[in-house]
Amino acid sequence: MAMLIVARLLSGVALGSALGTFTMYTVEVTTPKARNSLGGMAQMAIIFGIMLSQTSSLGLSRPPLWRLLFAFSGVLSVLNMALLYFCVESPKWLAMNGKLADARDSLQQLRRGTDCTAEFEQLTSSVMINNTSELATGANNGNSTKTSSVIDVMLGRTPDNLRHQLVVTIVVMASQQTSGISGVSFYSSTLFNSISKPSESDAFTIPTLAQILASVLAISGTLVMPLCMVLATYIGRRPLMIWSHTVMALCCVLISVGSIVGLNALTITMVFVYYAAFFVGPGPIPWVCPNEMTPTYAVGAVCAVGGSVNYVIIFVMGLVFSPLLDALGGYTFLIFGVANLLSALFCLLYLPETKDCQVADVAKLHSVGLHSVLGAKYRVDPLKTSSEYSV
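Residues numbered from 1 in each chain as written. Predicted model: local features only at pLDDT ≥ 70, side-chain atom pairs only at ≥ 80, totals over all residues. Heavy atoms only, no water.

Engineer: Sorry if this is basic, but what is going on with the side chain of Ser-244 here?
Structural biologist: Of note, Ser-244 is situated in helix 14 (residues 237–261). Polar contacts involving the side chain of Ser-244 include one to the main-chain carbonyl oxygen of Ala-277, which spans 3.5 Å. Not counting residues up to four positions away in its chain, the partners in contact with Ser-244 are Ala-277, Val-280, Gly-281 and Pro-282. (Helix = DSSP H or I, 4+ residues; strand = E, 2+ residues; numbered from the N terminus. Polar contact = N/O pair within 3.5 Å; in protein donor to acceptor, adjacent residues only side chain to side chain. Contact = heavy atoms within 4.5 Å.)

Printed below as a string of structure tokens:
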């Protein structure tokens, strides 16, 4: 048991680090247009992994076959390490570290068949502005590092006022989990058991109806995710977040009503709609937003804070969801309904629109402390389509 706990702890730390790095890498190597669809790849990978684990458990949940599920994770990790050899280093990271020739070569590999001169000049210009600001701040504080630490960002010791970016990142990361999605994902079998109320003989039949429904739920999420990535190319981040949280709030109310009244068909249907709505907005967008509105020198620290908040709440939700379900029954989802409505209101008031916008422009506009984004004052004009940014 001790070995299992240590392994789970190490894999959790690795997953948190990899997810934040992967999202940052995606933003740094793609054009603003391509970010609309590729930005959701992190969430796509997560839901695909959930689907694999759920469907595999249908046949491997009996002892001693369950050990193969853990071994399968190790195989995927080794495969991922091998594929990393073929990844191109981030041009932005290379430029930030003074390797301009390597940065240009890396950018050209990513933009094969196109002239990336204008994009490279824009990249180096933004990095030079950031470095100049950092040097000026370092002269005053005795610190000339090119990147800001988590402590610097938390205490406001950065060239720009990043309070808005930090607060928005923390809240959208937190709202992703306070929506109730972790409970639904972790305890989907328990949830469906509480709805279908199987007989004692059915409860020991593997796979159970609840396990089958949980697997179908994971498969449906995998099928919906590509559609959500297409929607992201046409609809802004902000409206997707607002409407997704609103739909999830409505679903939570209907799940509670169905559970209390005993309308199992309504409850199960709303669980599926709720799950699909999550992947439209609160699933992928919180991982992309920090990278699209934060200056280069601080994006790592801001993402680290947001990711930490996200995983702490995942841990808490994993502890409290099942006891809540036992204690409150159908009323449990009313709590998540209220949480989703509050998240939708926050996104309406404070979440900047970053679709098709240059990161430097968004960061500059919103580096003025916490503020409401309602009105035209805090709106960035999307990029005008050109040959090098039309991907």
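Engineer: Sorry, what's going on with the pattern of salt bridges here?
Structural biologist: Any two side chains of opposite charge can pair, so long as their charged atoms come close to each other. Taken as a whole and judged by the stated rule, the model has three salt bridges. Here Asp-152 ties to Arg-157 by a salt bridge, and the two come within 3.1 Å at their closest N and O atoms. Salt-bridge contacts for Glu-292 lead to Arg-237; the nearest nitrogen and oxygen are separated by 2.8 Å. Within this pair, whereas Glu-292 is found in helix 16 (residues 285–293), its partner Arg-237 is found in helix 14, the two being separated by 55 residues in sequence. For the pair Glu-292 and Arg-237, a shared accessibility class is recorded, and that class is buried. (Salt bridge = Lys/Arg side-chain N within 4 Å of Asp/Glu carboxyl O. Buried < 20%, exposed > 50% of the residue type's maximum accessible area, 1.4 Å probe, protein only.)

Engineer: Sorry, what's going on with the packing of aromatic side chains here?
Structural biologist: Aromatic ring pairs: the centre-centre distance and the angle between the two ring planes describe each pair. Across all of its chains, the model carries nine aromatic pairs by this definition. Plain terms: the ring middles of Tyr-274 and Phe-333 are 6.3 Å apart, the flat faces sit at 90° to each other, and that makes the pair edge-to-face. Remark: Phe-333 occurs in helix 18 (residues 332–350) and Tyr-274 occurs in helix 15 (residues 264–278); sequence separation between them is 59 residues. An identical accessibility class is assigned to Tyr-274 and Phe-333; each is buried. Ring geometry for Phe-321 versus Phe-333: centroids 6.1 Å apart, planes at 80°, classification edge-to-face. Taken together, the positions of Phe-321 in helix 17 (residues 296–328) and Phe-333 in helix 18 put the pair 12 residues apart, joining distant regions of the chain. Using a relative accessible area of 2% as the deciding quantity, one classes Phe-333 as buried. (Phe/Tyr/Trp six-rings, centres within 6.5 Å; stacked < 30°, edge-to-face > 60°.)

Engineer: Looking at this structure, how should I read helix 14?
Structural biologist: What sets the pattern is the α-helix's 3.6 residues per turn: residues three or four places apart point alike. In this model, helix 14 (25 residues) spans 36 Å end to end at C-alpha, consistent with the 36 Å of a helix rising 1.5 Å per residue. Taken from the residues just after helix 14, Gly-262 is the one with a positive phi, measuring 95°. (Expected span 1.5 Å × (residues − 1).)

Engineer: I would appreciate a short explanation of the nonpolar core in the present structure.
Structural biologist: In globular proteins that are soluble, nonpolar side chains generally tend to be buried together. Counting 48 residues, the largest nonpolar core has Val-184, Phe-192, Tyr-274 and Phe-333 as its most contacted members. Leu-94, Met-96, Leu-107 and Leu-123 belong to the second-largest nonpolar core, a separate cluster that totals nine residues. (Core = buried A, V, L, I, M, F, W, Y, C linked by side-chain atoms within 4.5 Å.)

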